[in-house]
Number of protein chains: 2
Amino acid sequence: MYSIGQVAEKSGLSCYTLRYYDHEGLMPFVHRNKAGRREFSEHDLDFIDLITCLKATGMQLREIRKFVEMSMAGDETLADRLAIFKAQQESVHDQMAQLQKHLDKLNFKVRYYEAACEAGTEDAVSGNCEIPDAPITIDDAKRVKPKKVG
Amino acid sequence: MYSIGQVAEKSGLSCYTLRYYDHEGLMPFVHRNKAGRREFSEHDLDFIDLITCLKATGMQLREIRKFVEMSMAGDETLADRLAIFKAQQESVHDQMAQLQKHLDKLNFKVRYYEAACEAGTEDAVSGNCEIPDAPITIDDAKRVKPKKVG
DNA sequence: GTACCACTTAGAGCTAACTCTAAGTAAATT
DNA sequence: AATTTACTTAGAGTTAGCTCTAAGTGGTAC
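Source: prediction; values computed, not measured.

Moving on, we come to helix α1 (residues 4–11) of chain A. Residue and element names in this part refer to chain A. If you check which residues of α1 are buried, you get Ile4, Val7 and Ala8. Along the long axis of α1, the arc covered by the buried residues comes to 105°, so they all point the same way. What points out from α1, more than 90 degrees from its buried face, is the exposed set Glu9 and Lys10. Contact partners of the buried residues in α1: α2 (15–23), β2 (38–39) and α3 (42–56). Where α1 terminates, the next one or two residues include Gly12, which has phi positive at roughly 85°.

This is how it looks when you write it as structure tokens:
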């Protein structure tokens, strides 16, 4: 059994956050000792990991709460829970695709600024950021730092 | 030249958000006509796309503002701007790695709930969610829905 | 010329998710 | 026995990022 402080250490969430989550109905499964203090089991830790996973993949606390309630309700909610995870799976795929698009743009910008630094000025640099791996060219006539010759 | 309403349409941001960004110093480059209304150029649209990219990859508005200020300052900030994009590139790599880990967990959960749905109860299902592609087994003795034969 | 519409501003309100404070309790250490 | 520590609660405060309202302006359509 773990105290809230120990769970905070293990999970990376603060005690405040854990109590907040409990208050918001995300942890109805946590037991209390006779002094009223929370006692977390290994299984509870696993569930908190799962909550963290859903949270980190963009699910809002109120949605996570619904999932927790379903989990407590038992086997009649299995199909609904499967649907939730399938939807979350797809959501993460979408997020990764979006991130990849943004990364393409950032990659372009890195190449652009590398060229600009080399030339000493942005004016000498041209390229189309909409096309991934588009060529970036330096107009030698506009250089501030002269081109190093081999 | 585009009005704020047209830019809202094109960019997917609301007029409110665009004015808020302007107010927060993210768009010092936008010109005004003699009536005091904002007039956005094609180049401004490109810059707003870039702001959106930085935002979507987790950069806070105050950091984006610093970048915008550097961009306005001219060529002496080129190296700093390159550093910003390199850092953001790495940040996105980290985010994608994290997302992939979470996706592994979601993938496991989908397989887990598929098995549970097939068995009719969670009790019959076992597997270790910490190991990607870990085998999931159904204890036939604990099934609620009998196994389909043949 | 007047009605309408998109714009302008300052500033208030909202939401999600914490984050902290204050007052109090219970158990363990000195 | 007294102090320290980790916990408890309710509820207030904070932050980021919008989102909206109210009052007013300027240009176009009828």
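A few words now on the relation of the copies chain A and chain B. At an RMSD of 0.1 Å, chain A and chain B line up after a rotation of 180° and a shift of 0.0 Å along the axis. Interpreted geometrically, this transformation is the action of a two-fold axis. Nearest to the rotation axis, the C-alpha of Met96(A) is located 3.3 Å from it, this being the minimum over chain A.

In the vicinity of DNA strand C, 18 residues are found, and the nearest of them are Tyr21(A), Arg62(A), Ser3(B), Gly5(B) and Arg38(B). Across the atoms of DNA strand C situated within 4 Å of the protein, the share located in sugar and phosphate is 71%. In the model, a phosphate oxygen of DNA strand C is placed 2.9 Å from a nitrogen or oxygen of the Arg19(B) side chain. Within the contact set of DNA strand C, a base nitrogen lies 3.1 Å away from a side-chain nitrogen or oxygen of Arg37(B). Of all the elements in the fold, those that place two or more residues in the surface near DNA strand C are α2 and α4 (61–73) of chain A together with α1 (4–11) of chain B. Per element, the largest residue contribution to the surface near DNA strand C is four residues, and it comes from α2(A). Looking at side-chain class alone, the surface near DNA strand C contains six nonpolar, five polar and seven charged residues.

Turning our eyes to something else, we now look at the pattern of salt bridges. Residues and elements named next belong to chain A. According to the stated counting rule, one finds 18 salt bridges over all chains in the structure shown. A salt bridge links Glu118 to Arg143; the shortest N-O distance between them is 3.2 Å. Here the residue Glu118 occupies a position in helix α5 (residues 78–119), and Arg143 occupies one in the segment after β4 (137–138), the gap between them amounting to 25 residues. One salt bridge in this structure joins Lys147 and Asp140, with 3.9 Å as the shortest N-O distance. Three or more residues joined by partner-sharing salt bridges are found here, namely Glu118, Asp140, Arg143 and Lys147.

Rules and cut-offs
Residues numbered from 1 in each chain as written. Chains lettered and ligands numbered in written order. Predicted model: local features only at pLDDT ≥ 70, side-chain atom pairs only at ≥ 80, totals over all residues. Heavy atoms only, no water. Buried < 20%, exposed > 50% of the residue type's maximum accessible area, 1.4 Å probe, protein only. Helix = DSSP H or I, 4+ residues; strand = E, 2+ residues; numbered from the N terminus. Arc of directions from axis to C-beta. Contact = heavy atoms within 4.5 Å. Least-squares fit on C-alpha atoms with pLDDT ≥ 70 in both. Near = heavy atom within 4 Å. Polar contact = N/O pair within 3.5 Å; in protein donor to acceptor, adjacent residues only side chain to side chain. Nonpolar A, V, L, I, M, F, W, Y, C, P; charged D, E, K, R; others polar. Salt bridge = Lys/Arg side-chain N within 4 Å of Asp/Glu carboxyl O.

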